[in-house]
Amino acid sequence: MKNISERDAKHVWHPLTQHKLHPRMLGITKAKGALLFDESGKEYIDGISSWYTSVYGHCNDYILEKVYQQMQQLDQVVFSGFTHEPAVKLSEELIKILPANQEKLFFSDNGSTATEIGIKMALQYHFNKGHKRNVLLAFEDAFHGDTFGAMSVSGLSVYNGPFEDFFIEVKRIPPPSKENLKEVLALLHTYVTAGNIAGFIYEPLVQGAAAMQMHDAEGLGEILRILKEHDVVTIADEVMTGFGKTGTHFASDQIETKPDIICLSKALTAGLIPMAITSCTQEVYDAFYSDDIAKGLFHGHTYTANPLACTAALAGLELLQSKEIQDNIARIIQSHQAFDARIKNHPKVARTRQTGIIYALDLNIEIERYGNLRDKLMQHFMDKGIFLRPLGNTIYITAPYIVSEDQLEQIYSAIESVFDIV
């Protein structure tokens, strides 16, 4: 029989792939802990937790056992008109660790739908109140997903080019820094005084797809405070940053002004089963609570609040709050800081940055986001048994919380080896 890669090429269309340039995919047959194994038996350290999802390690025994037990009881049921214990229990446990103003949870399937729902909540919040607000506010270089509302508020044209004529109207501001805050607030003032801004969606502290660009927490807090004064619904996209990656459970924990809406996915279910949640305040929910059925949020997915996904999320929450995982997060942060100290002044390094377990460095060389040199760089890491996905000249690490010190050192050494070849 042909191998997985050869059989894949016949029928499968992969994401973010130009198949004429990249006709073959690597067949992965197994994953455990921080390791991936290909069909030849070679192993790779998963330096990005498979797009920031498998933060407690692949095939985590504790999560697998919990989900296996749930499979014997209830696998799937419609969530319109029915409810079930895993969803209710998850709502109770997640609310305990979300920012204190969050009260209601709306379930969906993935990060893009989580933000799509947040956008719809913001627009319909004002519509239900009889307000004419149809413009959204977002950061420059934002990324919030691939559905149409999410694309509208995203600012990376490499993903959006063919569809931009169909987007919701969006105004943009630069992410705040200590140097530009005055200018950002002045621009913000011109937008909010127009009176038509319905909502502001933002990735708190770290813009993932924008090559892990990091911004100022105090400046972001000031932006949120002003928007609250103008009744603009604030939407924190914590799909990437949520569940410990910034050093706190959520990036919003580090910002004084809390969002009205929070979008969650990826590590929510520990990388085991797709699911997303959009949480909101009681005030947002109350704008939909009416004798008028048309004022309800008419949005739904077949697998909404799937019992197995909810069970995986519950097990993940237990692990997140355990002493072992919290100690591991602190250890990884310290290791990143030590690595940063040894490479930040290297002549091949243009800039470094870190928030929690997220570490990024920019090489002192121009590289296209998905160009040939970037592909060669990624292959260099794979040859060394390290799975990293550079974004242009940016190399970043978001390894699982269970990664060992030896595995981290292998990642660091692989990155340092790049300095000798670029």
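Conventions we followed
- Residues numbered from 1 in each chain as written.
- Predicted model: local features only at pLDDT ≥ 70, side-chain atom pairs only at ≥ 80, totals over all residues.
- Heavy atoms only, no water.
- UniProt positions renumbered as here; feature names shortened; annotations may be inferred.
- Helix = DSSP H or I, 4+ residues; strand = E, 2+ residues; numbered from the N terminus.
- Contact = heavy atoms within 4.5 Å.
- Pairing = 2+ DSSP bridges.
- Axes fitted to C-alpha atoms, helices over the stretch in contact; angles between N-to-C directions.
- Parallel < 35°, antiparallel > 145°, perpendicular 65-115°, else oblique.
- Left-handed = near helix turned anticlockwise from the far one by under 90°.
- Phe/Tyr/Trp six-rings, centres within 6.5 Å; stacked < 30°, edge-to-face > 60°.
- Buried < 20%, exposed > 50% of the residue type's maximum accessible area, 1.4 Å probe, protein only.
- 1 Å grid on protein atoms, 1.4 Å probe; cavity = no way out; pocket = protein on both sides within 12 Å on 5 of 7 lines; lining within 4 Å.
- Points joined across faces, edges and corners; volume = space filled by probe spheres on them.
- Nonpolar A, V, L, I, M, F, W, Y, C, P; charged D, E, K, R; others polar.
- Patch = residues over 30% accessible without salt bridge, like charges linked within 9 Å, V, L, I, M, F, W, Y side chains within 5 Å.
- Areas by Shrake-Rupley, 256 points an atom, 1.4 Å probe, with all protein chains shown as cover.
- Salt bridge = Lys/Arg side-chain N within 4 Å of Asp/Glu carboxyl O.

Naming follows an unreviewed UniProt entry, where the protein appears as Adenosylmethionine-8-amino-7-oxononanoate aminotransferase of Sediminicola luteus. Per its UniProt entry, the protein bears the Subcellular location (unreviewed entry) comment "Cytoplasm". The protein has a UniProt comment under Sequence similarities (unreviewed entry) that states "Belongs to the class-III pyridoxal-phosphate-dependent aminotransferase family. BioA subfamily."

**Q** In this structure, what is going on with the UniProt feature "modified residue: N6-(pyridoxal phosphate)lysine" (unreviewed entry) in the protein? I would like to understand it.
**A** Residues given the UniProt feature "modified residue: N6-(pyridoxal phosphate)lysine" (unreviewed entry) here are Lys266. In this fold, Lys266 is placed in the loop between strand 11 (261-264) and strand 12 (276-280). If we skip the residues at most four places from it in the chain, Lys266 touches Trp51, Tyr52, Thr53, Val239, Met240 and Gly271.

**Q** Got a minute to help me understand the sheet that holds strand 15 (residues 386-387) in this structure?
**A** Here four strands make up an open sheet; going across it, the order is 1-2-3-15 and the pairing mixed. Among the strands making up the open sheet, the edge pair consists of strand 1 (28-32) and strand 15. Bridge analysis of strand 2 (residues 35-38) against strand 3 (residues 43-46) gives three bridges, and the strand direction is antiparallel. Paired with Leu36 across the strands is Tyr44, a residue of strand 3.

**Q** Any chance you could explain the packing of helix 3 (residues 61-71) against helix 11 (residues 307-320) here in plain terms?
**A** Taken N-terminus to C-terminus, the directions of helix 3 and helix 11 make an angle of 150 degrees; their axes are 9 Å apart at the nearest point. Taken together, the axes of helix 3 and helix 11 lie roughly antiparallel to each other. Considering how the two elements wind past one another, helix 3 and helix 11 form a crossing that is right-handed. Together, Tyr62, Ile63, Lys66, Val67, Gln70 and Met71 of helix 3 and Pro307, Leu308, Thr311, Ala312, Ala315, Gly316, Glu318 and Leu319 of helix 11 make up the contact between the two elements.

**Q** Mind showing me how you'd approach the packing of aromatic side chains here?
**A** In this description, a pair of aromatic rings is defined by centroid distance and the angle of the planes. Scanning the model with the defined rule gives 11 aromatic pairs in all. Judged by centre distance (5.8 Å) and plane angle (80 degrees), the ring pair of Phe148 and Phe163 falls under edge-to-face. One end of the pair, Phe148, is in helix 6 (residues 148-153); the other, Phe163, is in the loop between helix 7 (157-160) and strand 6 (170-173), with 15 residues separating them in the sequence. Among the residues examined, Phe148 registers a relative accessible area of 41% and is labelled partly exposed. For Phe163, a relative accessible area of 32% corresponds to the partly exposed category. Considering the side-chain rings of Phe339 and Tyr412, the 4.2 Å spacing of their centres and the 10 degrees angle between planes classify their relative orientation as stacked.

**Q** Explanation requested: the layout of surface pockets in the structure shown.
**A** Estimates place the volume of the largest pocket at around 1500 Å³. Considering the residues around the largest pocket, the lining is formed by 39 residues, among which Pro15, Thr17, Met25, Met378 and Arg389 are closest to the centre. For the lining of the largest pocket, the secondary structure elements donating two or more residues are helix 1 (4-11), strand 1, helix 2 (49-52), helix 7 and helix 13 (372-383). For the lining of the largest pocket, the element with the highest residue contribution is helix 13, accounting for seven residues. Classifying every residue of the lining of the largest pocket by side-chain character gives 20 nonpolar, 11 polar and eight charged.

**Q** Sorry if this is basic, but what is going on with the sheet that holds strand 7 (residues 197-202) here?
**A** Neighbouring strands of a sheet are bound in pairs by backbone hydrogen bonds; such pairs are parallel or else antiparallel. The strand order across the open sheet formed by seven strands is 4-12-11-10-7-5-6, and the pairing between neighbours is mixed. Each having just a single partner strand, strand 4 (104-108) and strand 6 make up the two edges of the open sheet. Each neighbouring strand pair of the sheet contributes to a mean axis angle of 20 degrees, computed without reference to strand direction. Those strands touched by helix 5 (residues 111-128) are strand 4, strand 5 (135-139), strand 7, strand 10 (233-237), strand 11 and strand 12, and its axis lies near 25 degrees from that of strand 12.

**Q** Looking at this structure, how should I read a nonpolar patch on the surface?
**A** Together, Phe148, Phe163 and Phe166 make up a nonpolar patch on the protein surface, roughly 320 Å² of accessible area in all. Structurally, Phe166 can be placed in the loop between helix 7 and strand 6. We classify Phe166 as exposed; its relative accessible area is 59%.

**Q** What exactly am I supposed to notice about the pattern of salt bridges here?
**A** If charged atoms from side chains of opposite charge come close, those side chains can pair. Evaluated as defined, the whole model comprises 15 salt bridges. With a shortest N-O distance of 3.2 Å, Asp375 and Arg374 are connected by a salt bridge. For Asp375, a relative accessible area of 19% corresponds to the buried category. Ionic contacts of the salt-bridge type, sharing partners, join the residues Lys89, Glu93 and Lys96 into one network.

**Q** Help me out: how do you make sense of the side chain of Thr269 in this one?
**A** With respect to the helices and strands, the residue Thr269 is situated in the loop between strand 11 and strand 12. Ignoring anything within four residues of it in the chain, the contact list for Thr269 reads Met275, Ala309, Ala312 and Ala313.

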